[in-house]
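Okay, here's what each chain looks like letter by letter:
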Amino acid sequence: MAKTPHKIGFVSLGCPKATVDSEQIITQLRAEGYDMVPGFDEADMVIINTCGFIDSAVQESLETINDALNENGRVIVTGCLGAKSDLINDRFPDLLAVTGPHAKDEVMQAVHQHLPAPHDPFFDLVPKQGIKLTPRHYAYLKISEGCNHRCSFCIIPSFRGNLVSRPIDQIMQEAENLVAGGVKEILVISQDTSAYGVDLKYKTCFWQGQPLKTRFLDLAQALGSLGVWVRLHYVYPYPHVDDVIPLMADGLILPYLDIPFQHASKRILKSMKRPGNRERTLERIQAWRGDCPNLVIRSTFIVGFPGETDDDFQQLLDFLDAAQLDRVGCFIYSPVEGALANRLPNQIPDAIKHHRYDLFMRHQQKISRQKLQQRVGQYLQVVVEQAQTTGYTARSYAEAPEIDGVIYIETDQALVTGEFYQVRVTGSDEYDCYAKLLPV
């Protein structure tokens, strides 16, 4: 009789970089014959990929570990919080193993120790693109690990180390496999996407017989040749980012840039150990929009950083007015264990932090409402995400999955998730648009 496959429960927490790590582990598990199950109680073992970036993420990870131990008892912890193995083991001494982030081999060793593999790993047993946690029509493509920056509020380099870029030929092979497997949108991610290749001194590799330098521009050009949507995330605004704007204007990659500016006050940026010059940034945004008028820029900011004065905060609001960013997220500063910013003077009281957050969000809502109102009447290509009671949600080039708003399509026609359609925008609010389906 055939042996019943071992069953693994898997929980993936945190950012898209962690999602890619989870996908790699799950792909290996499936290749070796393990079955994946959704519940703790039906699993022979549970693996939890944790997040340890901010306090709320740490708390969610700890609660998930506790639940898994109570409901199953056989648990492996990996991911960013796992880098603090002493903390985890002290709190949960019954864990089977604890590893840090990007540790597929270590996780598999622990799995093999406690739940031997059903068979040898022949990868033709799973799709070439691997097992994905995203819907079939889009996928994250991680191009590097780690970061060379040492932002005072961030501890990610202590988890993931310095920048380590993947060779461009390997990335392109993975991208080809994704497209062949039905992926229609590739979301490029890393800790610092525009620094790609600097650690490899832009080494030349070969893909499809053609030389490619391991650098940001060459990668964008090569991915753009695959004929799918290509979206760039976590892009530091280095000068060479200017070179990709013509690719967007020509339709090779999506006219969408995700740039974490974090603040606008020169004094606060210096305290954050972040690059940035308000006037120069505004000039470049203006130049980018001149070259590519339909460019969408999303960013994230932190309010309540230690030492932030009323004037610093006003500079941030003034920057929002001047930059007219399309999509904006905001975080309330919270001290993260091990971050340099914890030792800075003039920590901001929680009440002031939350007040500034509310002011920031209301300020940006007005800008967002005006920006989206300008889209009314436009004709857009959209990809359908899911069915609703009276229609469907969809996304255009201007919306990244899970972090941006959506486009609501009002239609009685049956649409296919993951397929492209043409719509006309008929309305909008602070974050979302509404559209009518155009006849095919």
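None of these values were measured; they are calculated from a predicted model. (Residues numbered from 1 in each chain as written. Predicted model: local features only at pLDDT ≥ 70, side-chain atom pairs only at ≥ 80, totals over all residues. Heavy atoms only, no water.)

Undergrad: Help me understand the state of the cysteines in this model?
TA: As used in these notes, a disulfide is a covalent bond between sulfur atoms, one from each of two cysteines. Applying the stated criterion across every chain yields a total of zero disulfides. Among the cysteines around Cys15, which has no disulfide bond, Cys51 carries the closest sulfur, lying 6.3 Å off. Take Cys15: its relative accessible area is 29%, and that puts it in the partly exposed class. No disulfide involves Cys433; its sulfur sits 18 Å from the nearest other cysteine sulfur, which is in Cys292. According to the relative accessible area criterion, Cys433 is buried, its value standing at 1%. (Disulfide = S-S within 2.5 Å. Buried < 20%, exposed > 50% of the residue type's maximum accessible area, 1.4 Å probe, protein only.)

Undergrad: Where do I start with the confidence of the model for the protein in this structure?
TA: Should the pLDDT be low somewhere, the predicted coordinates at that spot are not to be read in detail. Chain-level pLDDT for the protein is 91 on average; 97% of the residues reach the 70-or-more range. Looking at the elements of the protein, mean pLDDT is at its lowest for helix α5 (residues 156-160), recorded as 77, and at its highest for strand β12 (residues 229-232), recorded as 98. (pLDDT = per-residue confidence, 0-100. Helix = DSSP H or I, 4+ residues; strand = E, 2+ residues; numbered from the N terminus.)

Undergrad: Could you clarify how one ought to interpret helix α12 (residues 350-373) in this entry?
TA: Residue pairs spaced three or four apart in an α-helix point in one direction, given the helix's 3.6 residues per turn. Compared with an ideal rise of 1.5 Å per residue, which puts 24 residues at 34 Å, α12 spans 34 Å between its outermost C-alpha atoms and is within 8% of the ideal. Listed as buried for α12 are Lys353, Arg356, Phe360, Met361, Gln364, Ile367, Ser368, Lys371 and Leu372. Looking at the buried positions of α12, the neighbouring elements they touch are α10 (278-291), β14 (296-303), α11 (310-323), β15 (327-332), β19 (420-428) and β20 (433-437). (Expected span 1.5 Å × (residues − 1). Contact = heavy atoms within 4.5 Å.)

Undergrad: Please explain the sheet that holds strand β4 (residues 75-79) as it appears in this structure.
TA: Sheets are built from strands paired through backbone hydrogen bonds, the pairs being either parallel or antiparallel. The parallel open sheet is built from five strands, whose spatial order is β2-β1-β3-β4-β5. Taken across any chain shown, the strands that pair with only one partner, and hence form the sheet edges, are β2 (35-37) and β5 (97-98). When strand β1 (residues 7-12) meets β2, the two strands line up parallel, connected through three bridges. Looking across to β2, one finds that Lys7 is bridged to Asp35. Where helix α1 (residues 16-31) meets the sheet, it contacts β1, β2, β3 (45-50) and β4, and its direction lies at approximately 170° from that of β1. (Pairing = 2+ DSSP bridges. Axes fitted to C-alpha atoms, helices over the stretch in contact; angles between N-to-C directions.)

Undergrad: Would you explain the pattern of salt bridges in this entry?
TA: Here the idea is simple: oppositely charged side chains can pair when their charged atoms come close. For the structure shown, the criterion picks out 25 salt bridges. In this structure, Asp404 engages Arg298 in a salt bridge whose closest nitrogen and oxygen atoms are separated by 2.9 Å. Linking Asp404 in the loop between β17 (391-395) and β18 (407-410) with Arg298 in strand β14, this pair joins segments that are 106 residues apart in sequence. Of the two residues examined, Asp404 and Arg298, each falls in the buried class. (Salt bridge = Lys/Arg side-chain N within 4 Å of Asp/Glu carboxyl O.)

Undergrad: I tried to follow the environment of Leu141 on my own but got confused; where do I start?
TA: Position of Leu141 among the secondary structure elements: in strand β6 (residues 138-142). Separated by 89 residues in the primary sequence, Leu141 and Val230 place their C-alpha atoms 9.9 Å from one another. Filtering out sequence-adjacent residues up to four positions away, Leu141 remains in contact with Arg166, Ile171, Glu174, Ala175, Leu178, Ile186, Leu187, Val188, Ile189 and Leu223.

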